[in-house]
Amino acid sequence: MRNIVSYLVMVCAVITTVSAQSGNITGKVSSKESDAASAVTVRVQNQKLRTTTNIQGVYTLSVVRPGEQTIIFSGPGFKETTKKVTVVAGETVTLNVELETSDIPMSEVTVYGAARRMQKITEAPAAISVVLPSDIERGNSHGQLAKTLDNFPGVAVVQSGMNDFNVNTRGFNNSINRRVLVLLDGRDPSTPLLNLVEWNSFQSSLSDVSKIEVVRGPGSALFGANAYNGVINITTATPLDVIGTRVSVTGGEYETFRANIRHAGEISDNWSYKLTANYSRQKQAWISSRDTAHGGSLEYPGLGADVIDGRVRRAGIDSIGSIADLIAANDIAKSISGTARVDYNLSPTELITAEIGASRYGGEYFVNTTGRILINDVEKPFARLAYNSKHWNVLANWSRRNALSPHIVMNATATSSERSDVAVIDAQWNDSFMDENLRLILGASHEYQHVNTTTVGASPLLSPDNLHNNFSGLYGQFEYRLLDNLQLVGAARFDRSTFIESQFSPKGGIVYTPIQNHTFRLTVNRSFLRPSYSDKFRRSVIGGLPPSVNLAKIDSTISAQTGVEKLGLPSVTPQVLFLGNPTIGVETALSYEFGYKGVITKELYVTVDGYWNHRTNFISQALGGLAKDYYKQIRYGNAQADSLMRVMLGASNYDRYQGLSLDVSTGLPAFSISPTNIGLINEYGLELGVNYYPINNLLLSANFTSLSYDIVENKVTAQKIVPNTSPARVNLGAQYEEQGVFDVGINIQGVKGFEWVAGLVQGSVPEYWVVTLNAGYNFTKDLRLGVNVFNLLDRKHYQIFGGTILRRYATAEVSFVLP
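Definitions and cut-offs
- Residues numbered from 1 in each chain as written.
- Predicted model: local features only at pLDDT ≥ 70, side-chain atom pairs only at ≥ 80, totals over all residues.
- Heavy atoms only, no water.
- Helix = DSSP H or I, 4+ residues; strand = E, 2+ residues; numbered from the N terminus.
- Buried < 20%, exposed > 50% of the residue type's maximum accessible area, 1.4 Å probe, protein only.
- Contact = heavy atoms within 4.5 Å.
- Areas by Shrake-Rupley, 256 points an atom, 1.4 Å probe, with all protein chains shown as cover.
- Core = buried A, V, L, I, M, F, W, Y, C linked by side-chain atoms within 4.5 Å.
- Arc of directions from axis to C-beta.
- Polar contact = N/O pair within 3.5 Å; in protein donor to acceptor, adjacent residues only side chain to side chain.
- Phe/Tyr/Trp six-rings, centres within 6.5 Å; stacked < 30°, edge-to-face > 60°.
- Lys NZ or Arg CZ within 6 Å of the ring centre and 35° of its normal.

S.K.: Break down the overall build of the protein for me, citing the residues and quoting the values.
M.R.: The helix and strand inventory of the protein stands at nine helices and 48 strands. Each of the 819 residues in the protein was classed as buried or not, and the buried ones make up 55%. Within the protein, counting contacts between residues at least 6 apart in sequence, those at least 24 apart form 64% of the total. Accessible surface for the protein amounts to roughly 33,100 Å². Of this, 57% is attributable to carbon and sulfur atoms.

S.K.: How would you summarise the nonpolar core if you had to cite specific residues and measurements?
M.R.: Grouped burial of nonpolar side chains is what soluble globular proteins tend to show. Ranked by internal contacts, the top residues of the largest apolar core, which has 24 residues, are Leu 193, Phe 366, Ile 375, Leu 462, Phe 499 and Tyr 533. Once you skip the residues sitting within four places of it in the chain, Ile 375 turns out to touch Tyr 361, Gly 362, Gly 363, Glu 364, Phe 366, Arg 401 and His 407. Membership of the second largest hydrophobic core comes to 22 residues, among which are Ile 136, Leu 149, Phe 152 and Val 197.

S.K.: Could you give me a rundown of helix 8 (residues 639-649), with the residues and numbers involved?
M.R.: Regarding helix 8, the residues found buried are Ala 641, Asp 642, Met 645 and Leu 649. Looking straight down helix 8, one finds that the buried residues subtend no more than 95 degrees of arc, so they occupy a single side. Counted as exposed and oriented over 90 degrees from the buried face of helix 8: Ala 639, Gln 640 and Val 647. On the buried face of helix 8, the contacting elements are helix 7 (551-562), helix 9 (656-659), strand 38 (660-662) and strand 39 (669-673). At the N-terminal boundary of helix 8, the capping side chain belongs to Asn 638, with an oxygen 3.0 Å from the backbone nitrogen of Gln 640.

S.K.: Describe unusual backbone geometry, listing the residues and the values that go with them.
M.R.: Here the bond from Ser 463 into Pro 464 is cis, since omega is 5 degrees, no more than 30 degrees from zero. Tracing the chain through its elements places Pro 464 in the loop between strand 29 (438-452) and strand 30 (467-483). A positive phi angle is found at Tyr 254, which is not glycine, with a value near 60 degrees. When you line up the elements, Tyr 254 lands in the loop between strand 17 (244-252) and strand 18 (256-266). Phi is positive for Asn 617, which is not a glycine, with a value near 55 degrees. With relative accessibility at 34%, the residue Asn 617 sits in the partly exposed group.

S.K.: Explain the packing of aromatic side chains residue by residue, including any values.
M.R.: The full count for this structure, using the stated rule, is 21 aromatic pairs. Ring centres of Tyr 300 and Phe 801 lie 5.5 Å apart, and the angle between their planes is 70 degrees; this geometry places the pair in the edge-to-face category. A residue pair is termed long-range when its members are at least 10 positions apart, and Tyr 300 in the loop between strand 19 (271-283) and helix 4 (311-314) and Phe 801 in the loop between strand 47 (783-790) and strand 48 (809-818) qualify at 501 residues. Taking the centre distance of 4.9 Å and the plane angle of 40 degrees together, the rings of Phe 520 and Tyr 596 count as tilted. Separated by 76 residues along the polypeptide, Phe 520 in strand 33 (residues 518-529) and Tyr 596 in strand 36 (residues 587-601) bring together distant segments of the chain. Taking relative accessible area as the criterion, Phe 520 reaches 32% and is therefore assigned partly exposed. Sitting above the plane of the Phe 499 ring, Lys 536 keeps its charged end 5.4 Å from the centroid. Positioned above the aromatic ring of Phe 578 is the side chain of Arg 538, whose terminal nitrogen or guanidinium carbon lies 3.9 Å from the ring centre.

See the structure below:
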């Protein structure tokens with residue numbers, strides 16, 4: 001007991017000594033529009049001290065070193081303000097500050113993705129939208145990152161399940177969209193096999209994201225292959241930006257439960273760290289059986305039926321007698337993830353970052369080009385090391401996607417899997433010359449990919465499998481200010497790889513600012529989309545023919561009726577194969593764009609973007625007879641005999657006659673389908689956006705997107721070419737906020753019906769309207785409740801053909817921040 005008392009006395013003495021050797025700063029922060037400015041960050045420059053103003057705008061900084069100190073005030077909607085104050089040991093000094101609101105809210109927003117450097121959004125040489133921190137905070141109530149992008153002009157976010165999203169800009173979408181490059185802190189989180197973005201598999205949660213930029217339009221000149229339609233650049237918070245601990249818990253309909261924790265701190269003046277951990281689960285109540293042979297039903301016309309067989313037992317699931325049983329055994333979508341990050345500040349302008357992380361998720365149902373697929377159990381670790389300074393940005397990262405059990409293709413007799421590794425290094429130099437009138441960027445990147453689909457007992461998806469490929473790129477950009485209000489932009493990138501032919505992607509543009517905060521832009525870009533591994537090397541059995549299709553019998557009948565020599569076809573029933581096309585090439589686009597960004601008044605921000613895309617070598621869906629140079633078709637060479645063979649093979653959902661060919665692997669006849677490059681397409685669209693603040697606390701927003709296209713050439717008439725995107729989309733929103741107290745908003749989205757063609761999945765998506773409500777209340781500056789209700793009116797609809805019927809989905813999040 002005496003030891004404990006002595007220890008407490010010693011601690012009190014230390015605290016008293018420290019307090020006596022330091023001082024305190026207190027005060028109130030206000031603005032011209034409000035007597036109290038809440039949620040404003042107050043920090044001491046070059047010290048590990050920061051706090052936030054409360055609802056009354058009051059703050060206190062304790063244990064501040066004596067002497068002259070620089071205090072920095074910053075917050076959303078306010079201009080950053082710096083004040084100097086002299087601190088006296090053992091005393092409390094008062095510092096009251098009146099902040100200026102941002103006269104032009106959007107004019108001070110900076111972006112990186114348009115030019116691979118930080119610049120004001122109004123000066124960016126691209127159509128770009130930004131998810132601001134306040135929008136991210138409101139989005140935490142639903143926790144689904146893709147949904148935060150849903151209300152931008154030119155952006156199509158379609159949902160096909162509880163957590164399966166497809167995000168695209170402009171048109172020509174796909175079930176496994178790879179036309180938009182997604183970067184998370186500079187690294188690409190997509191799966192190498194299909195370039196598919198699994199939005200629920202990110203190692204970082206939405207609550208740890210500080211900014212999201214969406215660049216609409218081609219980005220290949222700086223970012224390479226898959227920046228075909230655009231770039232989504234996601235940045236997580238640095239440790240110094242979020243010092244303290246944040247804990248959040250989310251609950252909602254369909255047994256939704258999420259928990260996130262983040263802790264960040266400073267080890268010394270130069271070292272800081274951040275740790276995150278996330279858990280999520282929800283019942284897949286929207287998923288139902290389409291196994292019509294065992295009591296299932298099709299939710300809407302045109303869907304393909306599910307198939308049940310021994311695949312599920314190979315996936316390690318016992319006692320499965322139907323797809324309904326399969327879904328019942330996998331009705332919980334779940335994920336667990338976490339990251340650990342350390343930052344070292346070499347100087348105020350030099351930062352080294354080291355980060356590791358991992359996620360594991362399963363119970364997810366995706367829609368791909370063959371139908372629905374169940375993702376049972378996947379792990380995705382990563383590591384990255386970055387160096388950032390005023391003139392250099394270097395990033396090295398490694399990531400893996402490892403399926404721990406087979407994926408089940410629910411409407412075909414197949415399973416699939418993937419174990420892939422990706423290693424990337426990218427180095428970029430930038431500087432300015434001629435009194436900063438000339439800015440240069442030069443960079444180089446190299447990526448190594450290893451893809452293997454022969455794992456965990458699944459059917460191999462590729463042949464050959466266990467592939468290794470390298471991708472290298474050199475890129476550069478100049479920005480030259482010809483006049484004070486006229487800027488020229490030029491960029492180019494050269495890509496070389498062991499997977500596709502070399503590509504050159506140039507870009508040119510003019511940015512004209514006739515008056516401040518009004519910018520006009522003209523750009524021309526070339527971009528390209530590389531085929532996936534599946535497009536080139538897929539080999540999977542997607543079914544078999546009925547016993548009535550006996551090739552030997554058909555061969556004998558045709559020979560007897562026409563007199564041609566028999567081909568010697570075997571009596572074995574041939575398989576139906578989904579095959580890649582090794583000769584398939586890249587899809588390209590030449591894009592011309594016009595854009596305007598303008599702050600009409602401090603209350604009104606307007607964007608107008610128009611574009612015309614000339615797309616060539618469109619990558620088709622898989623059909624029979626599209627790769628004749630590689631898969632030799634079986635023919636008699638006699639018009640009468642070949643015509644009779646077409647009739648005797650019968651009808652199907654694909655052309656059996658065109659697909660009848662020799663399997664290059666076995667030498668036996670098979671019915672094969674494969675993709676190829678077809679068509680010339682002209683696509684043109686218009687995107688309008690308006691943000692209006694009738695009063696400081698109320699934002700009214702509206703945007704409209706229109707898309708049209710012409711098919712100039714289609715080499716394969718059996719292949720229907722459609723953009724898989726609505727020709728017209730509108731968003732109307734209202735958001736009211738009492739800063740630091742409460743906020744409430746509503747958004748109405750209308751989407752005109754459109755046709756969907758993606759592989760074997762084809763049909764129509766009817767017009768739909770969705771109302772989404774969000775609200776939040778700050779009990780204190782550290783305790784917040786957020787609510788989100790998607791599809792408030794519970795209008796049953798689907799957003800992608802083959803996807804799930806979507807219902808109302810309400811969630812609520814409670815978050816607490818400890819300094």
